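If you want the building blocks of each chain, they are given just below.
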Amino acid sequence: MDFKTFLKENRDFIIVATFASFFIYVYFLPQKINEQVGTPIINDQIIVEKKPDYQPVLDSIVAKSFYVYDILNSKPIFSKEEHLKLPLASITKLMSGMVIIDVMPETTEVVIRSEDISQEGDSGLTVGEKWNLKELMDYSLMTSSNDGMHAIASTFDYYQAVNNISILKAMNQRAETLGLKDTIFINETGLDIDGNMAGAYSSAADVAILFENIIKNNLGLISSTNKQDESFISESNIKHEATNTNISVNKISGLLASKTGFTNLAGGNLAIVFDAGFMHPIVIVVLGSTIDGRFTDVLKLARITSEKLSE
């Protein structure tokens, strides 16, 4: 049989086979290439996926400084003026608490004195009331009680007088040990000294390092700061209902800890640590925001951080 006769007798088969081959080439080959290179291809045209643009959100942050730090991978994710020295306000209490708990037994008795409750703010403590140190620390960090932290710091000074180590000396020494080059403590609460001088100064980057150290070495210190409300009973059998000063605690998934700060000089400060998933702690610090803006700032940064980590 010659070639012409073969074509004539098998014309229908050849036509079907040709169309089938063309179909396989057009539809299946691009998909195979796509599987190999990981780039979407439609009708032989490469479609470039557009990555999310986070800049509009970052530009909307009210804070003068912010820092988002990945503890697991030891690297920043987002930042702005992270080494700018700013008034720290009550975030100062994190360092106060850390150096006190490291030295004094958690069962140490703390007695509230008149000079303690003369501090700015009223957290419901009474003169002569007795507390367990750990309970009063939890209460003071959760409610940002200046009275409570002053009482604890005074007790520390009393116990450490024999070693000539004051709470402020211990706090500044620890800052130096941790490499917090932007940080200085002038009092144990962070309250403004006057209209021109704050009680402590630090940077968003330094606060992130401080939080990282606490998370790794003494998570129990800040265990109460991820709760919205909690009841405390002092050793004098006086019940205290505590509400977290961080009003956004229930809006951040995986929140591990948080600390607020606000004074006239500082404006609104907020530092948090949240678990981004599978033991992946992330620190977010905003300094120099507003009393309300600090919460929305952190929520925005938490949202885009989660999005970026899922890319």
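Keep in mind that this is a model prediction, so the values were computed, not measured. Numbers given for residues are sequential positions, taken from 1 along each chain in its written order. Per-residue local features of the predicted model are confined to residues with pLDDT of at least 70, and side-chain atom pairs are confined, for both listing and counting, to 80 or more; whole-chain, interface and lining totals are unaffected and use all residues. In computing side-chain values, all of the structure's heavy atoms are included and hydrogens and water are not.

### As for the sheet that holds strand 14 (residues 281-289)
- If DSSP finds at least two bridges between two strands, the strands pair. In this description a helix means any DSSP run of H or I spanning at least four residues, a strand means any run of E spanning at least two, and both kinds are numbered starting from the N terminus. One open sheet holds the five strands; their spatial order is 4-3-14-13-12, and the pairing between them is antiparallel. Sheet topology places strand 4 (75-80) and strand 12 (255-263) at the edges, where each strand pairs with a single neighbour. Strand-to-strand, the axes of this sheet are offset by a mean angle of 5 degrees, without reference to chain direction.
- Taken together, the eight bridges between strand 12 and strand 13 (residues 267-275) define a ladder with antiparallel strand orientation. Bridge assignment links T263 to a residue of strand 13, and that residue is G267.
- The contact definition used throughout considers only heavy atoms, calling two residues in contact when any of these lie within 4.5 Å. Here, axes are lines fitted to C-alpha atoms. For helices the fit covers the stretch in contact, and angles between N-to-C directions go from 0 to 180 degrees. Set on the sheet, helix 9 (residues 204-217) makes contact with strand 3 (65-70), strand 12, strand 13 and strand 14; between it and strand 3 the angle comes to about 35 degrees.

### Let's talk about helix 8 (residues 167-177)
- For helix 8, the full list of buried residues reads I167, A170, M171 and A175. Summarising the axial view, the buried residues of helix 8 lie within an arc of 135 degrees, below the 170-degree limit, and thus occupy one face. Set apart from the buried face of helix 8 by more than 90 degrees, the exposed residues are E176 and T177.
- G179, located one to two residues past helix 8, shows a positive phi value of around 80 degrees. Type-normalised accessible area, obtained with a 1.4 Å probe on protein chains alone, sets the label of each residue: buried when under 20%, exposed when over 50%, and partly exposed for intermediate values. The directions from the helix axis to the C-beta atoms form the arc being described.

### Examining unusual backbone geometry
- One non-glycine residue with positive phi stands out, namely A89, at about 55 degrees.
- Of note, A89 is situated in the loop between strand 5 (86-87) and helix 4 (92-103).
- Accessibility expressed as a relative area gives 1% for A89, which makes it buried.
- Of note, the phi angle at S144 is positive, near 55 degrees, even though the residue is not glycine.
- The residue S144 is located in the loop between helix 6 (133-143) and helix 7 (146-160) in this model.
- Accessibility expressed as a relative area gives 14% for S144, which makes it buried.

### Some remarks on the packing of aromatic side chains
- Under the pairing criterion, centres of Phe, Tyr and Trp rings, with the six-membered ring standing for Trp, must be within 6.5 Å; the plane angle then separates stacked pairs below 30 degrees from edge-to-face pairs above 60, leaving the rest tilted. In this structure the tally under the stated criterion is five aromatic pairs.
- Here the aromatic rings of Y158 and Y159 are separated by 5.6 Å at their centres, their planes lie at 90 degrees, and the arrangement is edge-to-face.
- What makes Y158 exposed here is its relative accessible area of 65%.
- One aromatic cluster in this structure is built from W131, Y139 and F232.

### Side note on the sheet that holds strand 9 (residues 200-202)
- Within the open sheet, the three strands sit side by side as 5-9-8. Their pairing is antiparallel. At either end of the open sheet lies a strand with only one pairing partner, and these are strand 5 and strand 8 (184-185).
- Relative to strand 9, strand 5 runs antiparallel, the two sharing two bridges. Each residue of the ladder has a partner; that of L86, found in strand 9, is S202.

### Observations concerning the pairing of strand 12
- The buried fraction of strand 12 amounts to seven of the nine residues, a majority that puts the element mostly inside the structure.
- Hairpin connection between strand 12 and strand 13: a loop of three residues separates the two successive antiparallel strands.

### As for the side chain of D116
- Here D116 lies in helix 5 (residues 114-117).
- For the purposes of these results, a polar contact is taken to be a pair of N or O atoms within 3.5 Å, where, inside protein, one atom must be able to donate a hydrogen and its partner to accept one; residues adjacent in sequence count only when each atom of the pair is a side-chain atom. Side chain to side chain, D116 and H150 meet in a polar contact 2.7 Å long.
- Not counting chain neighbours up to four residues away, the residues in contact with D116 comprise V111, D147, H150, A151 and S154.

### Focus: the packing of helix 4 against helix 7
- Two elements in contact, helix 4 and helix 7, have axes whose closest approach is 11 Å; the angle formed by their N-to-C orientations is 40 degrees. It follows that helix 4 is oblique to helix 7 by the angle criterion. Pair helix 4 / helix 7 crosses with left-handed handedness. Across the interface between the two elements, K93, S96, V99, I100 and V103 of helix 4 pack against N146, M149, I152, A153, F156 and Q160 of helix 7.
- A class-by-class count of the residues in the contact of helix 4 with helix 7 yields seven nonpolar, three polar and one charged. The labels follow the angle: roughly parallel below 35 degrees, roughly antiparallel above 145, roughly perpendicular from 65 to 115, and oblique for the rest. Left-handed describes a crossing in which the near helix is turned anticlockwise from the far one by less than a right angle; the clockwise case is right-handed. Classes in brief: Ala, Val, Leu, Ile, Met, Phe, Trp, Tyr, Cys and Pro nonpolar; Asp, Glu, Lys and Arg charged; the others, Gly included, polar.

### A look at helix 9
- Compared with an ideal rise of 1.5 Å per residue, which puts 14 residues at 20 Å, helix 9 spans 20 Å between its outermost C-alpha atoms and is within 8% of the ideal.
- Elements that come into contact with the buried residues of helix 9 comprise strand 3, helix 4, strand 9, strand 12, strand 13 and strand 14. The length a helix should cover is 1.5 Å for every residue beyond the first.

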